[in-house]
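# Tertiary structure, described
Read off the chains here:
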Amino acid sequence: MKNIAIFASGSGSNFQAFVDANEKGNFKANLSLLVCDKPGAYVIERAERAKINSYVFNPQDFATKAGYEEKILQQLQAAEIQFIVLAGYMRLIGPTLLKAYEGKIVNIHPSLLPAFPGKDAIGQALEANVKVSGVTIHYVDEGMDTGPIIEQESLRVRDDDTKESIQARIHKIEHKLYPAVVQKIIAEL
Ligand code: GRF
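Residues numbered from 1 in each chain as written. Predicted model: local features only at pLDDT ≥ 70, side-chain atom pairs only at ≥ 80, totals over all residues. Heavy atoms only, no water.

Turning our attention to the overall build of the protein. Within the protein, the secondary structure is distributed over six helices and seven strands. Ordered by position from N to C terminus, the α and β elements of the protein give β-α-β-α-β-α-β-α-β-α-β-β-α. For a compact globule of 189 residues, the expected C-alpha radius of gyration is about 16 Å, and the protein comes in at 16 Å, within 12% of that figure. Considered along the principal axes of its C-alpha atoms, the protein spans approximately 50 × 40 × 30 Å. (Helix = DSSP H or I, 4+ residues; strand = E, 2+ residues; numbered from the N terminus. Rg over C-alpha atoms; globule rule 2.2 N^0.38 Å.)

Bringing the site of the ligand into the picture now. Surveying the vicinity of the ligand reveals the residues Ser-11, Gly-12, Ser-13, Asn-14, Gly-88, Ile-108, His-109, Pro-110, His-171 and Glu-174. Here an oxygen atom of the ligand sits 2.8 Å away from a polar atom, N or O, in the main chain of Gly-12. A distance of 2.8 Å separates an oxygen atom of the ligand from a polar atom in the backbone of Asn-14. Taken by itself the ligand offers 370 Å² of open surface, and the protein chains cover 85% of this. Judged by its atoms lying within 2 Å of the grid points, the ligand is housed in the largest pocket. When contributions to the shell around the ligand are tallied by element, the ones reaching two or more residues are helix H1 (13–23), strand E5 (105–109) and helix H6 (163–187). Looking at the shell around the ligand residue by residue, the classes come out as two nonpolar, seven polar and one charged. (Near = heavy atom within 4 Å. Polar contact = N/O pair within 3.5 Å; in protein donor to acceptor, adjacent residues only side chain to side chain. Areas by Shrake-Rupley, 256 points an atom, 1.4 Å probe, with all protein chains shown as cover. 1 Å grid on protein atoms, 1.4 Å probe; cavity = no way out; pocket = protein on both sides within 12 Å on 5 of 7 lines; lining within 4 Å. Sits in = over half its atoms within 2 Å of the grid points. Nonpolar A, V, L, I, M, F, W, Y, C, P; charged D, E, K, R; others polar.)

Before going further, it helps to examine the packing of aromatic side chains. Counted under the stated rule, the structure contains seven aromatic pairs. Between Phe-7 and Tyr-89 the ring centres are 5.2 Å apart and the planes differ by 80°, which places this aromatic pair in the edge-to-face class. Taken together, the residues span a long stretch of sequence, with Phe-7 in strand E1 (residues 3–8) and Tyr-89 in the loop between strand E4 (83–86) and helix H4 (95–100) at a distance of 82 residues. As far as burial versus exposure is concerned, Phe-7 and Tyr-89 are alike and both buried. Here the aromatic rings of Tyr-55 and Phe-57 are separated by 5.7 Å at their centres, their planes lie at 15°, and the arrangement is stacked. Relative accessible area serves as the criterion here: at 11%, Tyr-55 is assigned to the buried category. Pairwise contacts between aromatic rings join Tyr-55, Phe-57, Phe-62 and Tyr-68 into one cluster. (Phe/Tyr/Trp six-rings, centres within 6.5 Å; stacked < 30°, edge-to-face > 60°. Buried < 20%, exposed > 50% of the residue type's maximum accessible area, 1.4 Å probe, protein only.)

A water-sized probe, rolled over the atoms, reveals where empty space remains. Reported here for the largest pocket is a volume of approximately 890 Å³. In terms of lining, the largest pocket is formed by 38 residues, of which the most central are Gly-88, Tyr-89, Met-90, Ile-108 and Pro-110. Those elements that provide at least two residues to the lining of the largest pocket are H1, E5, helix H5 (121–127) and H6. Of all the elements, H6 adds the most residues to the lining of the largest pocket, at six residues. Residue classes in the lining of the largest pocket are distributed as 15 nonpolar, 15 polar and eight charged. (Points joined across faces, edges and corners; volume = space filled by probe spheres on them.)

Further remarks concern the sheet that holds strand E3 (residues 53–56). What the seven strands build is an open sheet, ordered E3-E2-E1-E4-E5-E6-E7; its pairing is mixed. Edge positions in the sheet fall to E3 and strand E7 (149–156), since each has one partner strand and no second. Direction aside, the axes of adjacent strands within the sheet are offset by 20° on average. The pairing of E5 with strand E6 (residues 132–139) spans four bridges and is classified as antiparallel. The residue bridging Asn-107 from the neighbouring strand is His-138, located in E6. Here H1 sits on the sheet and contacts E1, strand E2 (30–36) and E4; the angle it forms with E2, its principal contact strand, is near 165°. (Pairing = 2+ DSSP bridges. Axes fitted to C-alpha atoms, helices over the stretch in contact; angles between N-to-C directions. Contact = heavy atoms within 4.5 Å.)

Quick look at the pattern of salt bridges now. Using the criterion set out here, one finds three salt bridges in the structure. Across the salt bridge formed by Arg-91 and Asp-37, the nearest N and O atoms sit 2.6 Å from each other. With Arg-91 in the loop between E4 and H4 and Asp-37 in the loop between E2 and helix H2 (42–49), the pair connects residues that are 54 residues apart, well separated along the chain. Linking Lys-163 and Asp-120 is a salt bridge whose minimum nitrogen-to-oxygen distance equals 3.3 Å. Linking Lys-163 in helix H6 with Asp-120 in the loop between E5 and H5, this pair joins segments that are 43 residues apart in sequence. (Salt bridge = Lys/Arg side-chain N within 4 Å of Asp/Glu carboxyl O.)

Spelled out as structure tokens, the structure:
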């Protein structure tokens, strides 16, 4: 069984999807650690409930990104983490972690990349009036949602869609797709 860390900043519904899949036996790995950069984020409660250790930090307590990533790296090494899943982690990963986990960090993004990278991808898609959007799972590099694409799933945007209605359908896709795709990748590590 591989040891996985999930990085998240917010509500953590994707984190929860991994926990649920794990409990049902549909995702076979040790969910060893949550890394969270937002003290007070709801995902921390989810981790407590699932009895998963978390490392919570405030980037403002560090002078540099290298500084807090060194600390994260120590936590990852102590827990013998082999693979990192970003699930709504709202920060770019820096060289410290990229070097230590080369090719072993994935992210999920709520658009069909390379369209609409960065913040508020769903709002960007609505603004552009696209008729099809979706979800992308990709490897993480130093850029903003730029790493090699692993998997995508599309969804139709309807005329009466709002950010919330698209978000709900995106989440539904993500919660199924993400654990399944990560399971395949870690099997080949
Ligand atoms: C997801 O929609 C994901 O695509 C994006 O951030 C969102 C996180 O949602 N990167 P949640 O915190 O997992 O509910």
